[in-house]
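# Observations on the three-dimensional arrangement
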Amino acid sequence: MIDAQKTIVVTGIGVVSPYGIGLSRLQAGMLAGQCCLSPVTELYPGFQGTVAQVDALTPLHDADRYSRSDRLAIMAASDAVADFAGYSRDLRESGIVMASTVAGLTEIDPEISRGAAEWYRHGGLLRAATYPVSRVAASVGECLDIQGPSCAVSVACASGATALVLAANMLLDEAASMVLAGGSDALCPFTLSGFNSLQALDSEACRPFDQNRNGLNLGEGAAVLVLETLDHARRRDAEILAVLRGWAMTNDAYHPTAPQKDGLGLATCIQRAIEMAECSIDEVGYVNAHGTGTPLNDIAETHAYERAFHGRSRPIPVSSTKSYFGHCLGAAGSLEAAITIMAMRAGVLVPTLRLTDPIESSQVDWLRGEPRRQPLPVAMSVSAGFGGSNVALVFGGYRA
Amino acid sequence: MKTNLPVLTGIGSVTPYGPLAGLISAERLEPRAITAWTTTELRRAFLVEPFRAASIVPGLKTRRLDRLSAWAVVAASLALRDAGVDLNLMDRSRVAVFFATGFGCVELTGAFYQSAATYGWAGTDPITFPETLSNAPASHVALFHDLRGPNVTVGCKSFAAESALLQAASLMRHGQADLAIVLAGDTLTQAVYEWYETADLLSPACFNNEPASSVSGFIPSEGLVAMVLEPAGRLAARPYAALGAGRWAAGGDTRAGVRQLLGGGLPDFILCAGNGAPCAPSPLTCSPRDLVGADATIFPAQPVAAGMGEAGALLHLLLALSQRPGSGQALLLGTSAHGGYAALRLELF
């Protein structure tokens, strides 16, 4: 017997990705095997690399007040609630939890360091006002007239998934009856330069979990999920897209940037999320991996799956969808949660692109080649980030 | 003491009062003249005096860290010391770190922009980049103390610290953590100060030697406060307060929201958080007296904490507790000139 007041369900998904606006475009592109990564040189002088970009932003009143990350978030949130008919008190009183790592860094240029006051007086004041990460959540609230509890999350590349966890806890606390939760990050020279300085970027399209992987590609986008309790969703007769059955967060406490080599922290996280979901390791039919394509991440993550799914009757199917449109940083966790739900609803496991020579593991079933069609009652999305944070989300289907 | 509420058992702080464990001598501070960067005329703020972190936390190396990261490790260490928690007796994968900040590691972010201005984006420093991330302070706390539980960094317009307290308590209530270290803070840099000045947000007290209390407006501040939350009942613990229900909202009717939270019971004390008070008062804010009538004792917001903006509520709470208000029911209340509120019920011991 499920407790409808303690069961968290997903009733809306909004996506902005290099495929365009909407989950259906993302789904069509991914199932067609379309890769959005392409070589670029113009992002800053001296940069040669491969990225995935969102082509055009929706026009917005007072657009100068918002950063590119804000605008992607607003577009995704608008898409998530597009089915809400007219004015809704539910929506107005909703909570917002938005993740970002870049936020308004997109709007600031190095000239600020030659004299901040001068830079502000010459047009930088408004641009710098978009710098705090809280602005991403506040911008969504302003544009959609949402007045409930609002919060921004910045946990590096695990931010988007963390936002979903915090939103679920807010619902359990009855802090809001619905929460729009997700992440948004735009491409910008700051992060491209940073990852490039760390020699973490693959100049060609990335190859997650391949033995010849050579780093990650950056992308941009946003995803926002509408979360509410099952009880509330039933009362407003909402379509239930998935149940968020379990979640967990841990930290490696190992190194500022490198993951724990043996994957222990991530494995603990996965085990706790499965425990909360009250399912067995055999019931999890698919893992949408963090899978950045860096040498260190992918081997540590493989070890985590071997630990967490040890004793399973057959290898765990795993893929990295960052091979389609790169690593969207603070948006990655929420985009990948959306893809995981999409896979469950469509009954299709999407493969990792360019995975020709996978890391050897007898306990992982690396998805590659064609999409695999099979029923998928329970699936998991996994995120990790600089600073050692790990997040695991377990989704299940819903039958009335 | 109600045993089902998380209790606040340890406090550590790095503020203009210095690096301290536990309550502080809450004498009123005056802003100091800024000397950390060149100013053509007098500019004042509430600043943290430089100190050697390793003298307080042996073994702590801070050379590569943003000041905010260094302060986070120092304040967390002092809070754990104050709480008397022995982490060796705990499952460290169930100890959470929850950090609230407005600007994150803004010093090293500025340094990264400086390197881009000097050497171009192709010549930036790989060691600086990861330390610019907003979650670096929380992750350094985890790394230093080997804390393997949830590690979350949040921002929230006007109410970051309050939302961190509420969400950390929520993790504990839902069995996702056994103990939480909640931190809130920001550093003040020249770029941040000059943004406030260009936006015309600063108090006249920033430009002359008038006492801060004699003029209105915002005097920028910096610092970081850490608080240890644990379940009630540990015998050696000397709790300061138990955390009850709370809520925050970005807008809506503050009076209705707070009254609903109070449920008809009025607190003995109102601890004003005053976030958003940096800017001018607004018809959107409401006074504590409107909410609770004439009987409650009100601890007004202090400029040194108000100057920390959205990360200031833990310092407001620390300053109020340091005045030893006595035992009873309290409400930590923050309102914002932009609308919205944060309210948290506390039982003071």
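Residues numbered from 1 in each chain as written. Chains lettered and ligands numbered in written order. Predicted model: local features only at pLDDT ≥ 70, side-chain atom pairs only at ≥ 80, totals over all residues.

### Looking at the overall build of chain B
Cut-off, in case you're wondering: The helix and strand labels rest on DSSP assignments: H or I over at least four residues marks a helix, E over at least two residues marks a strand, and numbering proceeds from the N terminus. We take the radius of gyration over the C-alpha atoms and set the globule estimate at 2.2 Å times the residue count to the 0.38 power. Three exposure classes are used, all based on how many other C-beta atoms lie within 10 Å of a residue's own C-beta (placed from the backbone): buried at 20 or more, exposed at 12 or fewer, and partly exposed between those limits. By the convention adopted here, residues are in contact when the distance between their C-beta atoms, placed from the backbone, does not exceed 7 Å.
Of regular secondary structure, chain B possesses 11 helices and 13 strands. Compactness check: chain B gives a C-alpha radius of gyration of 20 Å against a globular reference of 20 Å for 349 residues, within 12% of the reference. Each principal axis of the C-alpha atoms in chain B carries an extent, and together these give about 60 × 50 × 35 Å. A total of 349 residues make up chain B; the buried ones form 60% of that total. When contacts within chain B are restricted to residue pairs at least 6 apart in sequence, long-range pairs at least 24 apart make up 79% of them.

### A closer look at helix H5 (residues 134–144) of chain A
In terms of burial, H5 of chain A is largely enclosed, as 8 of its 11 residues are buried. Regarding H5 of chain A, the residues found buried are Ser 134, Arg 135, Val 136, Ala 137, Ala 138, Ser 139, Val 140 and Gly 141 of chain A. On its buried face, H5 of chain A sits against helix H2 (68–80), strand E5 (95–99), strand E6 (150–153) and strand E7 (178–185) of chain A together with strand E6 (151–155) and helix H6 (160–173) of chain B. Backbone geometry just downstream of H5 of chain A places Asp 145 of chain A in the positive-phi region, at approximately 55°.

### Remarks on the packing of H2 of chain A against H5 of chain A
Residues and elements named next belong to chain A. To be explicit about the condition: For helices, the axis comes from a line fit to the C-alpha atoms of the stretch in contact; other axes are also lines fit to C-alpha atoms, and the angle between any two N-to-C directions lies between 0 and 180 degrees. Roughly parallel means an angle under 35 degrees; roughly antiparallel means over 145; roughly perpendicular covers 65 to 115; every other angle is labelled oblique. Left-handed is the label given to a crossing in which the near helix is rotated counterclockwise from the far helix by less than a right angle, and right-handed is the label when the rotation is clockwise. Here the nonpolar group is Ala, Val, Leu, Ile, Met, Phe, Trp, Tyr, Cys and Pro; Asp, Glu, Lys and Arg are the charged ones; every other residue, Gly included, is treated as polar.
Their axes nearest at 9 Å, the elements H2 and H5 cross at an angle of 50°. Here H5 runs oblique to H2, going by the angle between their axes. In this structure, the crossing between H2 and H5 has a hand that is right-handed. On H5, the residues touching Ser 69, Asp 70, Ala 73, Ile 74, Ala 77 and Ser 78 of H2 are Arg 135, Val 136, Ser 139, Val 140, Cys 143 and Leu 144. Its residues assigned to classes, the contact of H2 with H5 shows 7 nonpolar, 3 polar and 2 charged.

### Let's talk about the nonpolar core
Here is the rule we go by: One nonpolar core equals one set of buried Ala, Val, Leu, Ile, Met, Phe, Trp, Tyr and Cys residues connected by C-beta atoms within 7 Å.
Counting residues in hydrophobic clusters, the biggest one holds 277 residues, and the most contacted among them are Leu 225, Leu 227 and Leu 393 of chain A together with Ala 75 and Leu 229 of chain B. The element that contributes the greatest number of residues to this core is helix H2 (residues 67–83) of chain B, accounting for 12 residues. Sequence-distant contacts of Leu 225 of chain A, that is, excluding residues within four places in its chain, are made with Val 10, Gly 12, Ile 13, Ala 80, Leu 164, Ala 181, Gly 182, Ser 334, Ala 337 and Ala 338 of chain A.

### Quick look at H6 of chain B
All names here are of chain B. What counts here: Between the first and last residue of a helix there are one fewer steps than residues, each counted as 1.5 Å, and that sum is the expected span.
Its 14 residues place the ends of H6 20 Å apart at the C-alpha level, agreeing with the 20 Å of an ideal helix rising 1.5 Å per residue. Along H6, 13 of the 14 residues are buried, which leaves the element largely enclosed by surrounding structure. Downstream of H6 by a residue or two, Gly 175 has a phi angle that is positive, lying close to 75°.

### A look at the environment of Ile 34 of chain B
Residue and element names in this part refer to chain B. One can find Ile 34 in the loop between strand E3 (32–33) and strand E4 (44–45). Measuring from C-alpha to C-alpha, the distance between Ile 34 and Phe 46 comes to 8.8 Å, with 12 residues separating the pair along the chain. Contact partners of Ile 34, with chain neighbours within four places excluded, come to Thr 39, Arg 43, Arg 44, Ala 45 and Leu 47.

### Examining the environment of Asn 88 of chain B
All names here are of chain B. Topologically, Asn 88 is positioned in the loop between H2 and strand E5 (95–100). For Asn 88, a count of 7 C-beta atoms within 10 Å corresponds to the exposed category. The sequence separation of Asn 88 and Arg 63 amounts to 25 residues, and the corresponding C-alpha distance is 28 Å.

### Points about the interface of chain B and chain A
Put simply, the test is: Criterion used throughout: strands pair if DSSP finds at least two bridges between them.
The interface is formed by 56 residues belonging to chain B together with 54 residues belonging to chain A. If you list the elements that add at least two residues to the side of chain B that touches chain A, you get helix H3 (106–119), helix H4 (128–131), helix H5 (136–145), E6, H6, helix H7 (190–198) and strand E9 (241–249) of chain B. Along the lines of polarity and charge, the residues of the side of chain B that touches chain A split into 27 nonpolar, 22 polar and 7 charged. Summarising the sheet, E6 of chain A and E6 of chain B pair through 2 bridges and their orientation is antiparallel. The residue of E6 of chain B that forms the bridge with Val 153 of chain A is Val 154 of chain B.

### Some details on the confidence of the model for chain B
Residues and elements named next belong to chain B. Just so we agree on the cut-off: Confidence scores per residue from the predictor, reported as pLDDT, run from 0 to 100.
Scored by pLDDT, chain B has a mean of 91; 95% of the residues are at 70 or more. Confidence over residues 276–281 falls short of pLDDT 50; this stretch has 17 contacts with residues more than four positions distant or in other chains. In the predicted complex, the global pTM is 0.97; the interface-specific ipTM is 0.97.

### Re the sheet that holds strand E3 (residues 38–40) of chain A
All names here are of chain A. Taken in spatial order, the 3 strands make up an open sheet running E3-E4-E8, and their pairing is mixed. Lying at the two open borders of the sheet, with one neighbouring strand each, are E3 and strand E8 (218–219). Where strand E4 (residues 49–52) meets E8, 2 bridges bridge the pair, whose relative direction is parallel. Across the sheet, Val 51 pairs through a bridge with Leu 218, a residue of E8.

### Quick look at the domain arrangement of chain B
Residue and element names in this part refer to chain B. Selection criterion: Annotation comment: domain bounds sourced from an automatic or database domain assignment.
Here chain B is described as being made up of domain 1 (6–231) and domain 2 (241–348). Measuring from the centre of the C-alpha atoms in domain 1 to the corresponding centre in domain 2 gives 21 Å. Contacts between the two partners involve 41 residues from domain 1 and, on the opposite side, 35 residues from domain 2. Among the elements of the structure, strand E1 (6–15), H6, strand E7 (179–186) and strand E8 (223–231) are those that each provide at least two residues to the side of domain 1 that touches domain 2. Top element by residues in the side of domain 1 that touches domain 2 is H6. It accounts for 7 residues. Looking at the side of domain 1 that touches domain 2 residue by residue, the classes come out as 27 nonpolar, 10 polar and 4 charged.

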